[in-house]
Amino acid sequence: MLNNVLLIGGDYQVKLQNFIYASFDLCAIILSVVVLINYIVSKKIHGRTTHLFLTLAICTIVSSVLDCTAVIALSVTGCPVWLGNLLVAINYLGYNVTGVVFVVYAVAVIYDNARIPRWCYAVANVLFVMTVAGVIFATVCLFNYGYRAVPTNLKYAYEGIIYGSQFIALAFSLSLGILQRKKLSKTRQLNIYFFAILNIIAILIQFLVRRIQLSNFALAIAVMLIYVTLQRPEDELDATSGAFNARSFNRRGNMRISANQHFFLFAMEVNNMTVINSSFGLNGGNQVIKEVADRLRALLKKGQYLYRLSGVRFAVMFNTFEEYQSFAARYAGVFDKPVSVANTEVHLTAIACVIDFPEVTNKLSEVEDLIRYYRNSINVSEDIIIADANAIEKARRRELVDFAIQKAINNKSFEVYYQPIFCVTDNTFSGCEALIRLKDDELGFISPDEFIPIAEQNGKIIEVGRFVIEHVCSFIKGRELAKLGIRFVDINLSVIQCMHPEIISDIEQTLKKYDVPRSMVNLEITETASAQSYAMLQTKLNELHSNGFTISLDDFGTGFASVEYLINFPFDVVKLDKSLVWAYMSTKKYEPILQHYMPMLHSLGTKIVAEGVETKQMVDALVALGCDYLQGYYYSKHIPEEQFIQFVTNNGDVKTA
Ligand code: C2E
Ligand code: CA
Ligand code: CA
């Protein structure tokens, strides 16, 4: 075709120039077609920049094709003049529309997560009107004089308007990019600058050095660069699940939030993941993630997208409550069918909630906090929980406490207080219980009843526990507690701590470090209902016991401890929970129960501690009942080290009377 152009024409110079023009256009076409095909076949990032990029790429192709066609038509002898004129006119239009589309694209990139200011629309409109006016002006001139015969001044005039509007479009995008650079990542900034500057240079060359027609080629190069750097689907996709990733979730969600859109966010997490990961390894875990993503994706309608937040946590945003409801109906039973992992059928359960944005919260970061909160506070629920402000409040508090725990771990700012334990047979304070205290600069005092469960859930309990053991040992050694008549210090161990593979060596190392005999520490464990951990806990406790540690069953009477539990576990001491003790004091019905329990516990060889002893009357009743030790505010609250030393020194041989 191009050879024809060269052969048919008269003037070889013109032909050569046209060939060069057409070659640039051809390169532009090839480049942008390659980009477009790649773009279409690969998975796309969704959102406004995606559609605009597609438009931009198509416009670049159209503009290059039109330019190329016009150049060829003008070179072919015998091409009707009207056709040449028409092609040139359409070419101007195509080229200029590309400029306007770029402005819109640049604005969309700049205001990706925010509402686009009205004046940006105004500028785009003005540019569009200018373009159309320039093209109409050009068309009139072309048809009046014919392409080759248009008077130079008129040609300059309409080309001035056409390239001028293109120039303004690019200069506007460039200035906007520079002004708003703080909102943009480096890549985004560079793309906008590069696109604008490259095309401005091309326009200047084209307008001033009229022999070189670079504009479409420059457009194509810039579009390709945008494709490889900005419109990269892999940046927003999660390879394991095929869902959109957390980054994409944040971008899309924040865009909705800043546009004050009302939407409903569905979020879910699969429950048994730790078990699955530990049983089937990483591959098995990934298989589950993929299967869950596939099942959820199958429930989505057009325009609804699945995001993977982290782990096996997924989310979907819905425009209306009705859309969410229709999804929820499909979601019911989604995990009825087991998932096959390494030839094993695994039944999945999940916790799911839906959050009204921005009614309930307007922070995306709180979505995961909320799931964490539900996961830890609600037993597995089949239904999707409708999140309310109260839950968000609690989830926020939970995150703050979590943060405070981490701070205290980093700064070693926990404190350990001691509560004396009175020995009935010896009439002395022969022991004490170590109780951890957390005072946070912002949150003030945080009760262990609040932060210990959180530390257990996030695994920080191991660090917290180490801190306590270290403190207790250094206290026993440093203040020579044995010389003050203290025979044991109770340390609370949470079940999770107890299950930790290094628990025994950890404690032993610390004892050794401070040269504390193991008989000086007594470990308190709270009864647990979990059947799953029953056998493992039993093994661990037996191991601790055979290593010479004494163990107390804490909070007896609050939960599930059965006689079987007492028989199968190596408890040396049982601590009657304060609620049970108080009930015994206030309700006659409890008398026979406790009176029945006491000899049974004693016959198993366990000592009995009554907690929550607050009055003299309680002391008398509990001594009469047969308790071996008493602990409670009647004697002392938990107190700091120094005060504890004072207390024991002053009450060396206190009498119960
Ligand atoms: P717990 O082991 O049952 O500890 C006894 C709790 O009852 C302590 O509260 C203590 O201050 C309180 N108490 C003792 N005597 C009386 C009384 O006469 N009347 C009343 N009303 N309360 C009394 P605290 O220190 O707030 O501890 C709460 C729970 O936090 C503990 O319950 C224990 O389960 C946990 N905890 C405390 N320190 C640690 C620790 O170092 N590690 C672990 N894993 N858990 C701990
Ligand atoms: Ca305790
Ligand atoms: Ca207790």
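Residues numbered from 1 in each chain as written. Chains lettered and ligands numbered in written order. Predicted model: local features only at pLDDT ≥ 70, side-chain atom pairs only at ≥ 80, totals over all residues. Heavy atoms only, no water.

A. Region of the structure containing the overall build of the chain. For the chain, the helix and strand inventory stands at 24 helices and 16 strands. What you see for the chain is a C-alpha radius of gyration of 38 Å, clearly larger than the 26 Å of a compact globule of 657 residues, by over 25%. In terms of overall dimensions, the chain has a C-alpha envelope of 125 × 50 × 40 Å along the principal axes. Evaluated residue by residue, the chain yields a buried proportion of 51% over its 657 residues. Counting only contacts in the chain whose residues sit at least 6 apart along the sequence, the fraction spanning at least 24 positions is 72%. Summed over its atoms, the accessible surface of the chain is roughly 30,200 Å², and 59% of this surface lies on carbon and sulfur atoms. Averaging the locations of the 58 positively and 60 negatively charged side chains of the chain gives two centres separated by 11 Å. (Helix = DSSP H or I, 4+ residues; strand = E, 2+ residues; numbered from the N terminus. Rg over C-alpha atoms; globule rule 2.2 N^0.38 Å. Buried < 20%, exposed > 50% of the residue type's maximum accessible area, 1.4 Å probe, protein only. Contact = heavy atoms within 4.5 Å. Areas by Shrake-Rupley, 256 points an atom, 1.4 Å probe, with all protein chains shown as cover. Lys, Arg positive; Asp, Glu negative; His and termini not counted. Charge placed at Lys NZ, Arg CZ, Asp CG, Glu CD.)

B. Focus on helix H23 (residues 616-625). What H23 keeps buried is the set Met618, Val619, Leu622 and Leu625. Each buried residue of H23 sits inside an arc of 130° when the element is viewed along its axis, so together they form one side. H23 presents Gln617 and Ala624 as exposed residues on the side facing more than 90 degrees away from its buried surface. Where H23 is buried, its residues meet helix H21 (578-586), helix H22 (590-603), strand E15 (607-610) and strand E16 (629-630). (Arc of directions from axis to C-beta.)

C. Region of the structure containing the side chain of aspartate 628. Among the secondary structure elements, aspartate 628 is positioned in the loop between H23 and E16. Here isoleucine 608 takes part through its backbone nitrogen, which lies 2.6 Å from a polar atom of the side chain of aspartate 628. When residues no more than four places from it in sequence are discounted, the contact partners of aspartate 628 are Phe422, Cys423, Val424, Thr425, His602, Thr606, Lys607 and Ile608. (Polar contact = N/O pair within 3.5 Å; in protein donor to acceptor, adjacent residues only side chain to side chain.)

D. Molecular detail of the coordination of the calcium ion (ligand 2). Ligation of the calcium ion (ligand 2) by protein atoms is provided by Glu433 (OE), Asn492 (OD1), Glu524 (OE) and Asp554 (OD), these donors lying 2.1 to 2.3 Å from the ion. Here the donor residues of the calcium ion (ligand 2) share one chain and are spaced in sequence as E-x58-N-x31-E-x29-D. In this structure, the calcium ion (ligand 2) is positioned 3.9 Å from the calcium ion (ligand 3), and both are ligated by aspartate 554. With a gap of 91 residues between them, glutamate 433 in strand E9 (residues 428-440) and glutamate 524 in strand E12 (residues 521-526) connect regions that are remote in the sequence. In this pair, the class of glutamate 433 matches that of glutamate 524, namely buried. (Donors = N, O, S within 2.8 Å, 3.2 Å for Na, K, Ca; no water.)

E. Region of the structure containing the site of ligand 1. In the vicinity of ligand 1 there are 23 residues, among which Arg437, Lys578, Glu614, Tyr633 and His638 approach most closely. Here an oxygen atom of ligand 1 and a side-chain polar atom of asparagine 492 are 3.1 Å apart. Backbone polar atom of tyrosine 633 to an oxygen atom of ligand 1: 2.8 Å apart, as the coordinates give it. When ligand 1 is considered free in solution it has 800 Å² of accessible area, and contact with the protein chains removes 88% of it. Mapped by element, the contributors of at least two residues to the shell around ligand 1 are E9, helix H15 (448-457), strand E13 (550-556) and H21. The element that contributes the greatest number of residues to the shell around ligand 1 is E9, accounting for four residues. (Near = heavy atom within 4 Å.)

F. Seen up close, the coordination of the calcium ion (ligand 3). Protein coordination at the calcium ion (ligand 3): the donors are Asp554 (OD), Asp555 (OD), Glu611 (OE) and Glu611 (OE), at 2.2 to 2.5 Å from the metal. The sequence pattern describing where the donors of the calcium ion (ligand 3) fall on their chain is D-D-x55-E.

G. Just the sheet that holds strand E1 (residues 263-270), in detail. Read from one edge of the open sheet, five strands run E2-E3-E1-E6-E7, paired in mixed fashion. Taken across any chain shown, the strands that pair with only one partner, and hence form the sheet edges, are strand E2 (306-310) and strand E7 (384-386). Averaged over all pairs of adjacent strands, the angle between their axes in this sheet comes to 25°, without regard to strand direction. With six bridges joining them, E1 and strand E3 (residues 313-318) adopt antiparallel strand pairing. Note that in E3 the partner of alanine 267 across the bridge is alanine 315. The sheet contacts of helix H12 (residues 321-331) involve E1, E3, strand E6 (350-357) and E7, and relative to E1 the element is tilted by about 25°. (Pairing = 2+ DSSP bridges. Axes fitted to C-alpha atoms, helices over the stretch in contact; angles between N-to-C directions.)

H. Spotlight on empty space enclosed by the protein. Counted by the stated rule, this structure contains three cavities of 30 Å³ or more. Lining the largest cavity, in full, are Ile462, Gly465, Arg466, Ile469, Gln497, His500, Glu502, Ile503 and Asp506. Secondary-structure elements contributing two or more residues to the lining of the largest cavity are helix H16 (461-478) and helix H18 (503-513). Considering each element in turn, the lining of the largest cavity owes the most residues, four residues, to H16. Along the lines of polarity and charge, the residues of the lining of the largest cavity split into three nonpolar, three polar and three charged. (1 Å grid on protein atoms, 1.4 Å probe; cavity = no way out; pocket = protein on both sides within 12 Å on 5 of 7 lines; lining within 4 Å. Points joined across faces, edges and corners; volume = space filled by probe spheres on them. Nonpolar A, V, L, I, M, F, W, Y, C, P; charged D, E, K, R; others polar.)

I. Looking closely at unusual backbone geometry. In this chain, phenylalanine 357 is followed by proline 358 through a cis amide linkage whose omega measures -5°. Here proline 358 is to be found in the loop between E6 and helix H13 (365-377). Even without glycine at this site, aspartate 515 takes up a positive phi of about 55°. Tracing the chain through its elements places aspartate 515 in the loop between H18 and E12.

J. Quick look at the environment of leucine 214. By the secondary structure assignment, leucine 214 is in the loop between helix H7 (186-208) and helix H8 (215-229). Residue class for leucine 214 comes out buried when judged on its relative accessible area of 19%. Placed 155 residues apart in sequence, leucine 214 and aspartate 369 show a C-alpha to C-alpha distance of 53 Å. If we ignore the near neighbours within four places in the chain, the residues touching leucine 214 are Phe24, Ala202, Ile205 and Gln206.

K. View of the packing of aromatic side chains. Taken as a whole, this structure holds 40 aromatic pairs when the rule is applied. Ring plane angle 55° and centroid distance 6.3 Å describe the contact between phenylalanine 53 and tyrosine 105, whose orientation is recorded as tilted. With a gap of 52 residues between them, phenylalanine 53 in helix H3 (residues 48-75) and tyrosine 105 in helix H4 (residues 81-110) connect regions that are remote in the sequence. Of the two residues, phenylalanine 53 and tyrosine 105, neither departs from the other in class, the shared state being buried. Aromatic pair phenylalanine 53 and tyrosine 227: ring centres 6.1 Å apart, planes at 20°, arrangement stacked. One end of the pair, phenylalanine 53, is in helix H3; the other, tyrosine 227, is in helix H8, and 174 residues separate them in sequence. Accessibility classification places phenylalanine 53 together with tyrosine 227 in one group, the buried group. Taken together, Phe264, Phe266, Phe318, Phe321, Tyr324, Phe327, Tyr331 and Phe335 form an aromatic cluster joined through their ring pairs. A cation over an aromatic ring shows up here: lysine 637 above the ring of tyrosine 633, its NZ or CZ 5.0 Å from the ring centre. (Phe/Tyr/Trp six-rings, centres within 6.5 Å; stacked < 30°, edge-to-face > 60°. Lys NZ or Arg CZ within 6 Å of the ring centre and 35° of its normal.)

L. Structural context of the pattern of salt bridges. Taken as a whole and judged by the stated rule, the model has 33 salt bridges. Linking lysine 407 and aspartate 440 is a salt bridge whose minimum nitrogen-to-oxygen distance equals 3.1 Å. You can see lysine 407 sitting in helix H14 (residues 389-411) and its partner aspartate 440 sitting in strand E9, a full 33 residues away along the chain. A salt bridge links glutamate 463 to arginine 466, with the nearest nitrogen and oxygen atoms 3.1 Å apart. In this pair, glutamate 463 and arginine 466 are both assigned in helix H16, three residues apart and thus about one turn of the helix distant. According to the relative accessible area criterion, arginine 466 is partly exposed, its value standing at 30%. Because the salt bridges share partners, they merge into one network encompassing Glu433, Asp490, Glu524, Lys575 and Glu611. (Salt bridge = Lys/Arg side-chain N within 4 Å of Asp/Glu carboxyl O.)

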